[in-house]
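Fold and contact review
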Amino acid sequence: MLIGLLTAVAASVCYGTGSVLQAVGSRRSARSGAATTASTQFGGPSLSSTAKAAMTWEFIVGTVLDFVGFALGALAARLLPLFLSQAVISANLVVTAVLSVRLLRIRLTRAEWTSIGVVCGALVLLATAAGEEGSGHGVPIATHWWLLAISLALMAGGTLAVRLLGPRAAILAGLLSGLGFGALGVGVRVLNGVSPFDPAAMLTDPALYAIVTAGVGGMYLHTVALQIGSVNGATAALVVGETVLPGAIGVLWLGDASRAGLAWMAVLGFVLAVAGAVAVAWFGGPAAHMEEQPQQAPELTPTG
């Protein structure tokens, strides 16, 4: 349990730090026109404009941290109940908010600090109440195929919605990216060939390709949501998508459980963690502060 918690916290730190750098890189690129001069006829960003926005050094470093967080989050999903691992990882918004104070010279509001406190307290409740994670073994292979089909549908639908709706799809893109990350967590839990290690079983498991599809597609939709507006709403939707449904699936189908007599604490902690993370996103992330107070968000420059 302790190793799993440390892994989830490390993943959260990587994601949170990466988000700060990606927000800076995306907005700097948008100000220079890279993300606004190439769009679809419906106002959504094209694939080429998204690629240009990802060429700033801040975005590149942030993306590397995302990949590290991805690996650590996948490991945490194997070591912890999904309701705990996903909630801890969603707390990366707290890391983002705290880092924005120093890196982006942002003054957090009382509401933001209160939300951060709620998240921290909720994670303590969750860690106290969490029991053993389910094994994920015995899940029919048909379920693995369904997971792959759902992941493909989510990512394809999100991409189409962004191209057709443009900025109006920001919250939807955030929700679908969150559901993608949630599908990734479920896929990691049910993936065959992990323990004991069996490369053949792993490579022939549809869950592996669901993980890749959901991970890559989720990152793409999250990147687009940062570009097209309503960043706070999109991020709040992402938190809901990546925590609520995977947590329920873990309890109902994968055998995740709380400690005896502490189910109420696990439920309370989970609800508070999600609500607090959504509040952190809603009351203001770094991108929102950059929009509201551009004079307080100077561009970062490499130090080495």
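So, a few notes on the structure that sits alongside this text.

What counts as what
Residues numbered from 1 in each chain as written. Predicted model: local features only at pLDDT ≥ 70, side-chain atom pairs only at ≥ 80, totals over all residues. Heavy atoms only, no water. Helix = DSSP H or I, 4+ residues; strand = E, 2+ residues; numbered from the N terminus. Buried < 20%, exposed > 50% of the residue type's maximum accessible area, 1.4 Å probe, protein only. Contact = heavy atoms within 4.5 Å. Areas by Shrake-Rupley, 256 points an atom, 1.4 Å probe, with all protein chains shown as cover.

**A word on the overall build of the protein chain**
Tallying secondary structure elements over the protein chain gives 13 helices and zero strands in all. In the protein chain, the succession of helices and strands from N to C terminus is α-α-α-α-α-α-α-α-α-α-α-α-α. Every one of the 304 residues in the protein chain was classed for burial, and the buried ones make up 55%. Sequence-distant contacts in the protein chain: of pairs separated by 6 or more residues, those separated by 24 or more amount to 86%. Put simply, the protein chain shows about 13400 Å² of open surface, and 71% of that area lies on carbon and sulfur atoms.

**As for the side chain of serine 115**
Mapped onto the fold, serine 115 is located in helix H6 (residues 110–129). A residue is classified by how much of its surface remains accessible, and serine 115, at 5% relative accessible area, is buried. Apart from the residues within four sequence positions on either side, serine 115 is in contact with Gly276, Ala279, Val280 and Phe283.

**Considering the side chain of glutamine 86**
Counting through the fold element by element, glutamine 86 comes out in helix H4 (residues 82–90). For glutamine 86, the contacting residues outside a window of four places in its chain are Phe181, Gly182, Glu242, Thr243 and Pro246.

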